[in-house]
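Next come the chains, spelled out residue by residue.
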Amino acid sequence: MKTVITYGTFDLFHIGHLNLLKRAKSLGDKLIVAVSTDEFNAGKGKTTLMPFEHRVELLRSVRFVDEVIAETCWEQKITDVQRLGVDVFVIGDDWQGKFDFLQEFCEVVYLPRTDNISSTDLKKAIQVFMQLKRDFLD
Ligand code: C2G
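**Some details on the sheet that holds strand 3 (residues 67–71)**
To summarise the sheet geometry, strands pair through backbone hydrogen bonds and adopt either a parallel or an antiparallel arrangement. Pairing is parallel in the open sheet, where 5 strands are placed in the order 3-2-1-4-5. Lying at the two open borders of the sheet, with one neighbouring strand each, are strand 3 and strand 5 (107–111). The mean angle between the axes of side-by-side strands here comes to 25 degrees, regardless of whether they run parallel or antiparallel. Bridge analysis of strand 1 (residues 3–8) against strand 2 (residues 30–36) gives 6 bridges, and the strand direction is parallel. Its bridge partner being in strand 2, Gly8 is matched across the sheet by Val35. Against the sheet, helix 1 (residues 15–25) contacts strand 1, strand 2, strand 4 (88–92) and strand 5, and its axis sits at roughly 145 degrees relative to strand 2. Relative to strand 2, helix 3 (residues 52–60) is tilted by about 165 degrees, and along the sheet it contacts strand 2 and strand 3.

**Observations concerning the site of the ligand**
Surveying the vicinity of the ligand reveals 21 residues, the closest of which are Phe10, Lys46, Glu71, Asp94 and Ile117. At 2.7 Å from a nitrogen atom of the ligand is found a main-chain nitrogen or oxygen belonging to Ile117. For the ligand, whose unbound accessible area comes to 630 Å², protein coverage reaches 96%. In a pocket analysis with a 2 Å cut-off to the grid points, the ligand is assigned to the largest pocket. At the level of elements, strand 1, helix 1 and strand 4 are the ones that each hand at least two residues to the shell around the ligand. Per-class residue counts for the shell around the ligand are 7 nonpolar, 8 polar and 6 charged.

**Digging into the pattern of salt bridges**
Here the structure, examined in full by the defined rule, presents 7 salt bridges. Residue Asp66 is joined to Lys25 by a salt bridge in which the shortest nitrogen-to-oxygen separation is 3.0 Å. Of the two residues, Asp66 is situated in the loop between helix 3 and strand 3 and Lys25 in helix 1; the sequence distance between them amounts to 41 residues. Using a relative accessible area of 41% as the deciding quantity, one classes Asp66 as partly exposed. Its salt-bridge partner being Lys77, residue Glu71 comes within 3.3 Å of it at the nearest N-O pair. In this structure Lys77 comes out as buried when scored by relative accessible area, which is 1%.

**A few points about the side chain of Glu71**
Here Glu71 shows up in strand 3. Accessibility expressed as a relative area gives 2% for Glu71, which makes it buried. At 2.8 Å, the side chain of Glu71 and the side chain of Ser36 are in polar contact. If near-sequence neighbours (up to four positions away) are discounted, Glu71 is found in contact with Tyr7, Gly8, Ala34, Val35, Ser36, Thr37, Phe40, Lys44, Gln76 and Lys77.

**Looking at the environment of Lys22**
Positionally, Lys22 belongs in helix 1. Judged by its relative accessible area of 41%, Lys22 falls in the partly exposed class. Considered as a pair, Lys22 and Arg83 are 61 residues apart in the sequence and their alpha carbons are 23 Å apart.

Rules of the game
- Residues numbered from 1 in each chain as written.
- Predicted model: local features only at pLDDT ≥ 70, side-chain atom pairs only at ≥ 80, totals over all residues.
- Heavy atoms only, no water.
- Pairing = 2+ DSSP bridges.
- Helix = DSSP H or I, 4+ residues; strand = E, 2+ residues; numbered from the N terminus.
- Axes fitted to C-alpha atoms, helices over the stretch in contact; angles between N-to-C directions.
- Contact = heavy atoms within 4.5 Å.
- Near = heavy atom within 4 Å.
- Polar contact = N/O pair within 3.5 Å; in protein donor to acceptor, adjacent residues only side chain to side chain.
- Areas by Shrake-Rupley, 256 points an atom, 1.4 Å probe, with all protein chains shown as cover.
- 1 Å grid on protein atoms, 1.4 Å probe; cavity = no way out; pocket = protein on both sides within 12 Å on 5 of 7 lines; lining within 4 Å.
- Sits in = over half its atoms within 2 Å of the grid points.
- Nonpolar A, V, L, I, M, F, W, Y, C, P; charged D, E, K, R; others polar.
- Salt bridge = Lys/Arg side-chain N within 4 Å of Asp/Glu carboxyl O.
- Buried < 20%, exposed > 50% of the residue type's maximum accessible area, 1.4 Å probe, protein only.

This is the structure in C-alpha cells:
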C-alpha cells in the first residue's frame, strides 16, 4: 500500500485542483489531502471565500481522495509523513524545491500546475461581478 499526501487551501475547488489530485493518486494507492484551516490561511496571507468545513466536504467527495486531514501549520509535514506512513509527498511546481527537506522521509514530487486557472483569478472575477451588480443591478 503506497500512501501519497498533498497539502493545500483548495478554495473555489476547480479543475487545476482536480488535475493535481488525480495525478497525485496515480502515484500510489491511497491519497491523503491536508487542507489548510481558515486560521492557517490567515497566516499564509490568504483569504478564502469557502470556509474550511466546505473545502473539506468538497475534497471528501472527490473519488481520488481517500482521507482528508487539517493543515494547521507549516511544521506538521514531517510528523504527518511519519505518523501516516507516507511514501510520496506531492505538490504543484509553484512550490518547486520548497519541500526538498522531506526527501529524508519520503519521495517528493512537484507536478506542473494547470495553466489558466487559479482560485485567485476566480475570486477576482467574482468580486468584479459583485461590484458590477451593486453598481448597475441593485
Ligand atoms: N494547483 C495546480 N494548478 C492550479 C492551481 C493549483 O496544480 N492551476 C495546485 C497547487 O500547486 C497545489 C494545489 O493545487 O499543489 C492546491 O493549491 P492551493 O489551494 O493554492 O494551495 P496552496 O495555497 O499553494 O497551499 O503547505 C502547502 C500549502 O498549504 C499549499
